[in-house]
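Notes for the structure review
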Amino acid sequence: MTATAPGTAAALLRGAALFDQGRFWEAHEAWEEAWLEEDGEVRLFLQGLIQVAAGYHKATVQLQPNGCVKLLRSGLDKLDPMPAEFLGVALARFRPQVERTLADARRWQSGELPAFPRQLIPRLALGA
């Protein structure tokens, strides 16, 4: 079990619930509270989630394919070295789903897709 700062587990659950509701900016904010208190692997993990959420915010609210691609890639770069499950998050399931949306974000960025495919955004489903 990875040791975390007080409040990290609650922030992770709160952020995951917001993420699953499509409230990506609010999820980012919830996770950032914990990120500020953490270090090491937990901090890197939270930063990866924050960047993925920010990428989906760029895609769904700001309609910015360049920012979406950059943030999803940065987030995945941080999540890729993590174990299959970390702090209750099934990364073995989540990472490939984010990779799929990153591929589609690149197609959107190049003009091949007219819009970002929101229906493909994965869910974290923590505490479910």
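The structure this text deals with has already been given above.
These figures come from a predicted structure and were not determined experimentally. (Residues numbered from 1 in each chain as written. Predicted model: local features only at pLDDT ≥ 70, side-chain atom pairs only at ≥ 80, totals over all residues. Heavy atoms only, no water.)

Here's the deal with the side chain of H57
Our working rule: The helix count covers DSSP runs of H or I at least four residues long, the strand count covers runs of E at least two residues long, and both are numbered beginning at the N terminus. Residue exposure (1.4 Å probe, protein chains only): buried if accessible area is under 20% of the type maximum, exposed if over 50%, otherwise partly exposed. Any two residues whose heavy atoms approach within 4.5 Å at even a single point are treated as in contact.
As for its position among the elements, H57 is in helix α3 (residues 40-60). Judged by its relative accessible area of 13%, H57 falls in the buried class. If we skip the residues at most four places from it in the chain, H57 touches F24, W25 and Q62.

Thoughts on the nonpolar core
Basically, it comes down to this: By convention a nonpolar core is built from buried Ala, Val, Leu, Ile, Met, Phe, Trp, Tyr and Cys residues, the set being connected through side-chain atoms within 4.5 Å.
Counting residues in hydrophobic clusters, the biggest one holds 39 residues, and the most contacted among them are F19, W31, F45, Y56 and F94. Those elements that place two or more of their residues in this core are α1 (8-20), α2 (24-35), α3, α4 (65-79) and α5 (91-110). In terms of residues, this core owes the most to one element, α3, which gives nine residues.

Some words on the packing of aromatic side chains
To keep it simple, the criterion reads: A pair of aromatic rings is counted whenever rings of Phe, Tyr or Trp (Trp by its six-membered ring) have centres within 6.5 Å, and the orientation is called stacked for planes under 30 degrees apart, edge-to-face for over 60 and tilted otherwise. In our convention, an over-ring charge means Lys NZ or Arg CZ found within 6 Å of a ring centre and within 35 degrees of that ring's normal.
As enumerated under the stated definition, the model contains eight aromatic pairs in all. Seen from their ring centres, Y56 and F116 are 6.1 Å apart, and the 55° between their planes marks the pair as tilted. In this pair, Y56 sits in helix α3 while F116 sits in the segment after α5, placing the two residues 60 residues apart along the sequence. Here the two residues Y56 and F116 agree in accessibility, since each one is buried. A network of ring pairs unites the aromatic residues F19, F24, W31, Y56, F94, W108 and F116 as a single cluster. Just above the ring of W35 sits the side chain of R43; from NZ or CZ to the centre is 3.8 Å.

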